[in-house]
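Close look at the chain arrangement
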Amino acid sequence: MLHLRPLIATLRSNLQKCADDPALDPVHDLRTGTRRVQALVEALLCEQSDAALQQAADRWLRLLKKLRRAAAPVRDLDVHRKLLHSLLQQPASPALDAGIARQAHTLDAWLHHARQHHAARLKKKAARWMKKFDEEAASFLAACIHSAQTRRRPQNTAALALEAFAQLTEQMPHLHAENLHDFRKGAKKCRYLAESAEEDAQAQMTAKALRKLQDEIGKWHDWLVLAEEAQSALDGEGHELQRWLEEQRDRHFLQAMKAVQRLRGKLLGEYLAMAHQKKRASRRPGCPVGEAG
């Protein structure tokens, strides 16, 4: 809970900023902040058993989901415009002929308009949700305090993150273009949980690997959605740009799958080693089962 309070305060600050002006940084921080808080809330529920806490957590998580969904399209459009600008800012290149440049500018104008639309909606919702945010946060923190007497022994954060990742892998053993983004979202929650243990070197190493996995999949997904947006924005025209975007999409998909294969094997290996070590430790004389690790 010590880690949770500053995260909630930062999230509250970014919600206020989005209510005033949903600029690039506060929108990004609002979106990621909801996932960081969610990861800690869910970890806390594993350590405590209390009906009132569960009810408060359910209400809190529902609000966090609303915040994240409101911020998501704005943040996505910011990222997609950045990708497009990286194309337009390239030095003279065979890929950037006059036709592609013109089509890219047309697409950028479409993305900018869509961003303004979604940002205006986020601004209104953020202002409307401020009071509810304060109420639900206070309710959840109060429930945490009241249920402290039922708290179980705190678990190793690195072990929790690796176990969550192992469960995710078991649920999605075969990855492809249709489920890769969902796998990324699950891995992101594991990463935020690992990052919460700032003093734990093992947890931070786990978080670093999860971030790399998440970033590689994210790059592919951004190109995927940008190619879909180009198809809508250019209405059947802009074939040169569309073809270029699809090439980027396919290239990053292959890179993402290679990274996932390598990092998934690494993380599962660490999980199995940790589970084996815990099992051996629990068998030592004088070491109660479940107290190791």
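Everything here concerns the structure above.
Attention in this report is confined to the structure presented alongside it. None of these values were measured; they are calculated from a predicted model.

The subject of this paragraph is the environment of Val225. For Val225, the location among the structural elements is in helix α7 (residues 201-234). Between the C-alpha atoms of Val225 and Leu245, which are 20 residues apart in sequence, the distance is 9.8 Å.

Ranked by internal contacts, the top residues of the largest apolar core, which has 35 residues, are Val41, Trp60 and Phe140. If you list the elements that add at least two residues to this core, you get α1 (4-20), α2 (24-47), α3 (51-88) and α4 (98-146). Filtering out sequence-adjacent residues up to four positions away, Val41 remains in contact with Leu4, Ala57, Trp60, Leu61 and Phe140. Counting 23 residues, the second-largest nonpolar core is a separate cluster that includes Leu162, Phe165, Cys190 and Leu224.

Enumeration over the complete set of coordinates arrives at 15 salt bridges. Its salt-bridge partner being Glu136, residue Arg59 comes within 3.3 Å of it at the nearest N-O pair. Taken together, the residues span a long stretch of sequence, with Arg59 in helix α3 and Glu136 in helix α4 at a distance of 77 residues. For Glu136, a relative accessible area of 10% puts it in the buried group. A salt bridge links Arg249 to Asp250; the nearest nitrogen and oxygen atoms lie 2.9 Å apart. With a relative accessible area of 22%, Arg249 lands in the partly exposed category. Relative accessible area serves as the criterion here: at 39%, Asp250 is assigned to the partly exposed category. Through salt bridges that share partners, Arg36, Arg191, Glu195 and Arg211 make up one connected network.

Below, the discussion takes up the environment of Leu180. Assignment of secondary structure puts Leu180 in helix α6 (residues 180-195). Sequence-wise, Leu180 and Trp220 are 40 residues apart; in three dimensions their C-alpha atoms are separated by 9.7 Å. Beyond its immediate stretch of four places on either side in the chain, Leu180 contacts Leu175, Ile217, Trp220, Phe253, Ala256, Met257 and Val260.

For the rest of this paragraph, the subject is the packing of helix α5 (residues 157-171) against α6. Direction vectors running N to C along α5 and α6 enclose 170°, while the axes themselves pass 8 Å from each other. It follows that α5 is roughly antiparallel to α6 by the angle criterion. Listed contacts from α6 to Thr157, Leu160, Ala161, Ala164, Phe165, Leu168 and Thr169 of α5 are Phe183, Gly186, Ala187, Cys190, Leu193 and Ala194. When grouped by side-chain class, the residues that make up the contact of α5 with α6 number 10 nonpolar, three polar and no charged.

This next bit is on the side chain of Glu229. Looking at the secondary structure, you find Glu229 in helix α7. Within the structure, Glu229 has its side chain in polar contact with the side chain of His80 (distance 3.0 Å). Leave out the neighbours within four places in its chain, and Glu229 touches Leu77, His80, Leu107, Trp110 and Leu111.

A separate point is the side chain of Asp108. Within the fold, Asp108 resides in helix α4. For Asp108, a relative accessible area of 12% gives the class buried. Sequence-distant contacts of Asp108, that is, excluding residues within four places in its chain, are made with Arg81, Leu84 and His85.

What counts and how
- Residues numbered from 1 in each chain as written.
- Predicted model: local features only at pLDDT ≥ 70, side-chain atom pairs only at ≥ 80, totals over all residues.
- Heavy atoms only, no water.
- Helix = DSSP H or I, 4+ residues; strand = E, 2+ residues; numbered from the N terminus.
- Core = buried A, V, L, I, M, F, W, Y, C linked by side-chain atoms within 4.5 Å.
- Buried < 20%, exposed > 50% of the residue type's maximum accessible area, 1.4 Å probe, protein only.
- Contact = heavy atoms within 4.5 Å.
- Salt bridge = Lys/Arg side-chain N within 4 Å of Asp/Glu carboxyl O.
- Axes fitted to C-alpha atoms, helices over the stretch in contact; angles between N-to-C directions.
- Parallel < 35°, antiparallel > 145°, perpendicular 65-115°, else oblique.
- Nonpolar A, V, L, I, M, F, W, Y, C, P; charged D, E, K, R; others polar.
- Polar contact = N/O pair within 3.5 Å; in protein donor to acceptor, adjacent residues only side chain to side chain.

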